[in-house]
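Overview (structure and organization)
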Amino acid sequence: MSATMLLAQEAANHVSTGEAVSFWVLGPLALAGALGMIFAKNAVHSALFLVLTMLSLGVIYLVQQAPFLGFVQIIVYTGAIMMLFLFVLMLVGRDSSDSVVEVLRGQRLWATVLGVGLAVLVVAAVARALNDVRPVGLAGETANGGKGNVANIGRALFSDYVFPFELTSALLITAAVGAMVLGYVERHLRGRKTQKELVEARFRGEHDRPSPLPGPGVFATSNSVATPALLPDGSVAEESLSRLIDATASAKLDEERKAVAGTLPGPDARALVPGKEES
Amino acid sequence: MTGTINLAAAEVQQASGVANAAWLLLVLPAFGAVVLLLGGRRTDKWGHLLGIATVVAAFVYGLILFFSTTSLDAAARTRDLHLFDWIPVNSLNVEFGLRLDPLSLTFVLLITGVGSLIHIYSVGYMSDDRDRRRFFAYLNLFVAAMLLLVLGNGFVTLYFGWEGVGLASYLLIGWYQGKDFAATAAKKAFLMNRVGDVGLALAIFLMFKNMGSTQYDVVFAQIGHQSTGVIVSIGILLLLGACGKSGQFPLQAWLPDAMAGPTPVSALIHAATMVTAGVYLIARSSPLYSLAQAADARLVVMIIGAITLVLGCVIGCAYDDFKKVLAYSTVSQIGYMIVAVGLGPAGYALGILHLLTHGFFKAGLFLGAGSVMHGMNDEGDIRRLGGLAKKMPITFVTWTLGYLALIGFPFLSGYFSKDAIIEAALAEGGTRGWVFGGIALLGAGLTAFYMTRLLILVFLGKPRWENLKSADGRAYHPHESGPTMTVPMIILAIGSVAAGGILSGMLPEWLEPAVGKLQEEHGPLSATVVSILTVVISAIGAGIAFALFGRGEQPVARPERVSFPVRAARADLYGNHLNEALFARPGVWLTRFLVFVDNRGVDGLVNGIAAGLGGSSGRLRRLQTGFVRSYALSMLGGSILVIAALLMVRFA
Amino acid sequence: MTPTYYLLLSALLFTIGAVGVLVRRNAIVVFMCVELMLNAVNLSLVTFARINGSLNGQIMAFFVMVVAAAEVVVGLAIIMSIFRTRRTASVDDSNLLKY
């Protein structure tokens with residue numbers, strides 16, 4: 001029993017050649033993707049480089065005996081989240097790519113210095129703390145043994161971690177509502193004005209005249225826009241004449257206009273002031 | 001010497017009888033001043049009469065008091081009259097009371113007596129001035145303050161009167177306010193007096209600090225127990241006060257300028273009355289100056305007196321202005337008094353004696369000068385006078401008697417008082433005696449010289465004014481003054497002749513309770529020899545003056561090509577220049593420097609701190625750029641620091 | 001080679017992500033850098049799970065993914081609304097809150 005355990009541990013401690021090979025392939029790929037994301041000028045390229053990194057990480061999870069997480073990584077992250085990123089990028093427009101000029105003085109220099117400092121610090125600390133660590137491995141009953149990785153994770157989630165798990169649902173709901181609130185645009189905010197605002201704008205002089213154009217008038221024979229309005233003295237109100245009709249069919253309307261204006265020969269009972277028809 | 005202290009300080013009795021009303025002395029003239037000042041134009045008609053009445057009443061009361069005192073035993077003559085507690089503040093209790101003793105009574109008589117004469121004289125002299133009433137108010141104010149000065153029973157009451165006198169003197173000197181020179185002279189007198197007052201004030205502070213009181217009895221009882229340093233510094237500070245009020249070197253420059261006041265009257269106040277306050281102060285402080293520890297202070301007093309004595313004489317020889325010569329003569333005569341009181345027990349009484357006799361003949365001389373100027377269109381330049389003896393016989397005779405008294409003509413007032421001082425100075429013994437005695441003798445000769453010069457140029461010789469016109473274009477019509485002016489002159493002339501002889505016998509004994517017994521010491525020369533020597537030297541001085549000015553024509557214009565000593569004397573022996581160079585200019589520089597320090601240093605510091613804080617916070621504010629990435633950068637820096645600290649704790 | 005190498009890789013990725021946040025100005029790219037940092041942490045969590053022989057690390061990584069998803073949703077919505085009002089996606093242009 002103990003011999004097999006020991007053997008299993010030995011196997012767990014020892015990283016297989018296949019894993020080493022995959023690490024040395026995937027690790028540089030992930031790094032290259034990360035660096036590419038930083039240095040790409042175009043945001044879409046950055047997103048694609050990030051996809052590369054995430055895919056590499058997903059495979060690394062698989063290699064690291066975390067199949068469930070590996071697939072979630074690939075499906076949720078690379079598939080959903082990164083596509084969301086690309087979607088927003090397209091929405092915002094590709095012209096919003098970064099300009100090369102750095103506006104904050106010393107920002108890049110200090111970012112580099114501090115980044116290198118952080119890397120050195122963390123790498124040194126990890127190397128020093130874990131140089132002789134002996135990994136237990138995930139062969140145990142409650143890990144990848146027994147019913148397997150996915151089933152064990154599921155059981156842990158719904159037993160030990162049920163409360164945090166439920167909390168995540170609340171989080172996700174909140175996030176969804178938040179996104180909707182942020183994304184909702186009230187129509188009137190950027191659209192039409194209310195009647196009150198229109199009246200005020202008219203009287204402020206933002207329009208040509210405060211009142212609507214005159215209608216056909218009380219004594220009009222028809223309700224058509226083609227029928228000009230009459231002023232109290234019987235003359236035609238110029239403002240009521242439609243420019244469009246004026247321009248297109250003025251010849252046709254002449255007769256009718258004369259009839260309305262009362263300039264046609266013959267008695268016109270509709271004329272208010274018969275004696276003034278010559279005007 | 002301790003005996004004198006006890007004598008002066010211990011036997012203070014409560015006043016009773018007539019002396020109970022001694023406050024009348026203060027209140028009478030003060031009442032006159034208040035009525036005249038508040039009454040305004042309504043009192044114009046009778047204002048001068050009220051002024052005279054109050055002062056004469058005070059004089060009469062002073063006489064009654066004097067005679068009631070003389071009837072007492074010598075030991076009972078020093079009396080205190082407590083009026084009220086003035087400033088009761090915790091440990092400091094300043095009482096308002098009067099000290100009635102021979103010294104103060106002597107001064108009361110001098111002040112009210114001379115004051116009465118001045119008042120009477122002023123009626124005539126100021127008759128043309130529409131503000132005569134106000135003038136009398138000021139005179140009354142002066143008399144009241146001066147009486148308070150000499151009657152107060154503590155240094156604070158003395159200081160009160162001291163300042164009141166300074167105020168009255170300022171008002172009187174600046175009487176002709178419209179004229180620049182008068183306003184300047186008043187300001188000068190006021191300021192230079194303040195320098196002295198600072199000394200007096202500091203002396204009073206020292207007394208309070210060391211002895212816990214400023215009353216005469218307490219101070220003089222305890223002064224003997226103080227350290228030498230305290231005694232000497234109080235002595236010298238009191239002297240500084242005396243210098244300011246009495247026009248002693250180095251504060252002598254204001255006195256001649258004070259002649260800018262209404263001609264003889266304020267001149268008389270300053271010459272005969274107020275300037276004696278310094279002598280009074282030192283005589284009053286005799287218990288202090290008599291101490292063996294105060295020898296240094298006494299020496300300083302004598303040095304100051306001697307310097308002033310010679311200074312006044314020398315400048316007096318060169319001036320052509322009638323009043324200014326007399327003013328410098330006053331300066332030098334007060335120098336004599338200061339020398340005398342500086343001699344200690346041997347000289348207090350002599351100083352007071354000379355003060356009194358000088359009060360008589362100098363007052364007479366000034367009134368004579370005023371009478372001459374009154375009759376000569378206010379012409380004060382002696383080179384434009386001359387031959388006035390026939391025109392103004394009374395003035396001439398009274399003036400000549402005063403003149404003879406001043407130069408120490410045998411058996412006139414000055415002979416008794418001045419010779420006695422010279423003798424006492426010589427009797428001081430050793431080098432010191434010879435030096436001060438010699439200076440006093442020299443002063444006597446110089447006095448005779450310049451006074452004779454004055455006499456010749458004004459009253460004798462040819463009438464140089466006949467072909468001249470005064471500044472306002474009028475011809476001179478010299479005439480004798482009216483009786484209100486001549487009567488005081490006659491009275492004073494009688495005093496000049498007789499006062500010395502009468503007083504020299506009585507005064508030392510009379511003053512004994514106040515200033516101690518006169519200790520007569522006999523110097524290397526006997527009294528007779530000193531007298532003869534003094535008279536001879538005075539005669540030589542007068543003879544030289546006759547030789548120089550008595551014969552031949554004197555130019556009307558002032559000779560400009562003169563030797564250096566004359567030029568120096570005409571420039572007040574550079575006293576004003578000295579003051580200006582030593583005090584005024586450094587003061588201006590100091591002020592400028594302080595203004596600079598204030599502007600640049602203090603304000604600079606304050607403004608600098610404010611600007612520094614404002615500027616630095618303005619710069620610090622720029623850290624908040626609003627750029628998220630800057631904030632992220634500092635967050636990353638902070639995180640690295642935290643990680644580094646954690647690792648150091650973990651691995652170190 | 002030991003699993004420690006994974007941790008070193010994780011550290012490097014995290015650092016690159018942090019530097020990216022500092023130097024990039026496009027808000028979306030900055031956001032992607034944050035995602036990279038989260039992924040780096042996930043990698044170390046997975047490695048720790050393996051070293052400790054327990055699934056707790058993997059579950060923690062799972063939760064991180066959930067949180068990251070929620071964060072992305074909200075963050076991108078914020079970016080969108082900023083872009084709508086200011087017509088820009090640069091983090092430097094939103095600098096009104098300053099001195």
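Just so it is clear, the structure is predicted and the values come from calculations on it, not from any experiment.

Definitions and cut-offs
- Residues numbered from 1 in each chain as written.
- Chains lettered and ligands numbered in written order.
- Predicted model: local features only at pLDDT ≥ 70, side-chain atom pairs only at ≥ 80, totals over all residues.
- Heavy atoms only, no water.
- Helix = DSSP H or I, 4+ residues; strand = E, 2+ residues; numbered from the N terminus.
- Areas by Shrake-Rupley, 256 points an atom, 1.4 Å probe, with all protein chains shown as cover.
- Lys, Arg positive; Asp, Glu negative; His and termini not counted.
- Charge placed at Lys NZ, Arg CZ, Asp CG, Glu CD.
- Contact = heavy atoms within 4.5 Å.
- Buried area = accessible area lost by both parts, 1.4 Å probe.
- Salt bridge = Lys/Arg side-chain N within 4 Å of Asp/Glu carboxyl O.
- Nonpolar A, V, L, I, M, F, W, Y, C, P; charged D, E, K, R; others polar.
- Buried < 20%, exposed > 50% of the residue type's maximum accessible area, 1.4 Å probe, protein only.
- Domains from an automatic or database assignment.
- Polar contact = N/O pair within 3.5 Å; in protein donor to acceptor, adjacent residues only side chain to side chain.
- Expected span 1.5 Å × (residues − 1).
- 1 Å grid on protein atoms, 1.4 Å probe; cavity = no way out; pocket = protein on both sides within 12 Å on 5 of 7 lines; lining within 4 Å.
- Points joined across faces, edges and corners; volume = space filled by probe spheres on them.
- Pairing = 2+ DSSP bridges.
- Axes fitted to C-alpha atoms, helices over the stretch in contact; angles between N-to-C directions.
- Parallel < 35°, antiparallel > 145°, perpendicular 65-115°, else oblique.
- Left-handed = near helix turned anticlockwise from the far one by under 90°.

1. Concerning the overall build of chain B
For chain B, the helix and strand inventory stands at 24 helices and three strands. Across its three principal axes, chain B shows a C-alpha extent of roughly 120 × 65 × 60 Å. Carbon and sulfur atoms provide 68% of the accessible area of chain B, an area that totals close to 25600 Å². One finds the centroid of the 46 positive side-chain charges in chain B at a distance of 11 Å from the centroid of its 37 negative side-chain charges.

2. Let's talk about the interface of chain C and chain A
Interface extent is often summarised as the accessible area lost during association of the parts. With 67 residues of chain C at the contact, the number on the chain A side is 87 residues. Surface buried jointly by chain C and chain A totals about 6800 Å² across both partners, of which 76% is contributed by carbon and sulfur atoms. On the chain C side of the contact with chain A, R25(C), M32(C) and R50(C) bury the most area, a combined 11% of that side's loss. The interface formed by chain C and chain A contains one salt bridge. Put simply, E19(A) and R50(C) hold a salt bridge, and the shortest N to O gap is 2.6 Å. Those elements that place two or more of their residues in the side of chain C that touches chain A are α1 (4-23), α2 (27-52) and α3 (56-86) of chain C. Looking at which element gives the most residues to the side of chain C that touches chain A, the answer is α3(C), with 22 residues. Considered class by class, the residues forming the side of chain C that touches chain A number 47 nonpolar, 14 polar and six charged.

3. Details of unusual backbone geometry
Within the chain, Q65(A) stands out as a residue other than glycine whose phi angle is a positive 60 degrees. Locating Q65(A) in the fold gives a position in the loop between α3 (43-63) and α4 (67-92). According to the relative accessible area criterion, Q65(A) is partly exposed, its value standing at 28%. In this model, F411(B) sits at a positive phi of 70 degrees, which is unusual for a non-glycine residue. Tracing the backbone shows F411(B) in the loop between α17 (393-407) and α18 (413-427).

4. Comments concerning the pattern of salt bridges
Residues and elements named next belong to chain B. Under the defined criterion, the tally for this structure stands at 15 salt bridges over all chains. The salt bridge partner of D44 is R41, with a shortest N-O separation of 3.1 Å. Its relative accessible area of 26% is what places D44 among the partly exposed residues. Note on R41: relative accessible area 43%, which makes it partly exposed. The salt bridge involving R99 is made with D80; its shortest N-O contact spans 3.2 Å. Here the residue R99 occupies a position in strand β3 (residues 92-100), and D80 occupies one in strand β2 (residues 79-89), the gap between them amounting to 19 residues. Each of the salt bridges in this network shares a partner with another, and the network as a whole consists of R41, D44, D131, R133 and R134.

5. Quick notes on the domain arrangement of chain A
Residue and element names in this part refer to chain A. If you check the domain split of chain A, you get domain 1 (11-97), domain 2 (138-184) and domain 3 (215-276). The centre of domain 1, based on its C-alpha atoms, is set 22 Å off from the matching centre of domain 2. Each side of the interface is counted separately: domain 1 has five residues, and domain 2 has five residues. When the two sides are added together, the surface that domain 1 and domain 2 hide from each other amounts to roughly 410 Å², 64% of it contributed by carbon and sulfur. Considering only the side of domain 1, the residues that lose the most area to domain 2 are Q65, P67 and F68, jointly responsible for 88% of the buried surface there. The tally of links between domain 1 and domain 2 comes to zero salt bridges. The tally of links from domain 1 across to domain 2 stands at two residue pairs in polar contact (both at pLDDT 80 or more).

6. Looking at the domain arrangement of chain B
Taken domain by domain, chain B comprises domain 1 (302-570) and domain 2 (623-652). The C-alpha-based centres of domain 1 of chain B and domain 2 of chain B are spaced at 98 Å.

7. Remarks on α17(B)
Residues and elements named next belong to chain B. The end-to-end C-alpha distance of α17 is 21 Å, a good match for the 21 Å that 15 residues give at a rise of 1.5 Å each. Residues T395, T398, W399, T400, G402, Y403, L404, A405, L406 and I407 constitute the buried set of α17. Taken from the residues just after α17, G408 is the one with a positive phi, measuring 85 degrees.

8. Observations regarding empty space enclosed by the protein
Residue and element names in this part refer to chain B. Overall, the coordinates contain four cavities of 30 Å³ or more when judged by the stated rule. Empty space within the second largest cavity amounts to approximately 60 Å³. Where the lining of the second largest cavity is concerned, the elements lending two or more residues are α4 (102-125), α5 (132-151) and α11 (263-274). Top contributing element to the lining of the second largest cavity by residue count: α4, with four residues. Of the residues belonging to the lining of the second largest cavity, the class tally is six nonpolar, three polar and no charged.

9. Some points on the pairing of β2(B)
Residues and elements named next belong to chain B. As paired elements, β2 and β3 share nine bridges and run antiparallel to each other. Bridge assignment links D85 to a residue of β3, and that residue is E95. In textbook terms, the turn of a hairpin is the stretch between consecutive antiparallel strands, and for β2 and β3 this stretch comprises two residues, one of which, N90, has a positive phi near 50 degrees.

10. Describing the packing of helix α14 (residues 295-318) of chain B against helix α15 (residues 322-342) of chain B
All names here are of chain B. The geometry of α14 relative to α15 is characterised by a closest axis approach of 7 Å and an angle of 160 degrees between their N-to-C directions. Between α14 and α15, the crossing angle belongs to the class labelled roughly antiparallel. The element α14 and its partner α15 pack so that their crossing is left-handed. The segment α14 lies against α15, with R298, V301, M302, G305, A306, T308, L309, G312, C313, I315 and G316 engaging V325, Y328, V331, S332, G335, Y336, I338, V339 and G342. Looking at the contact of α14 with α15, its residues break down into twelve nonpolar, seven polar and one charged.

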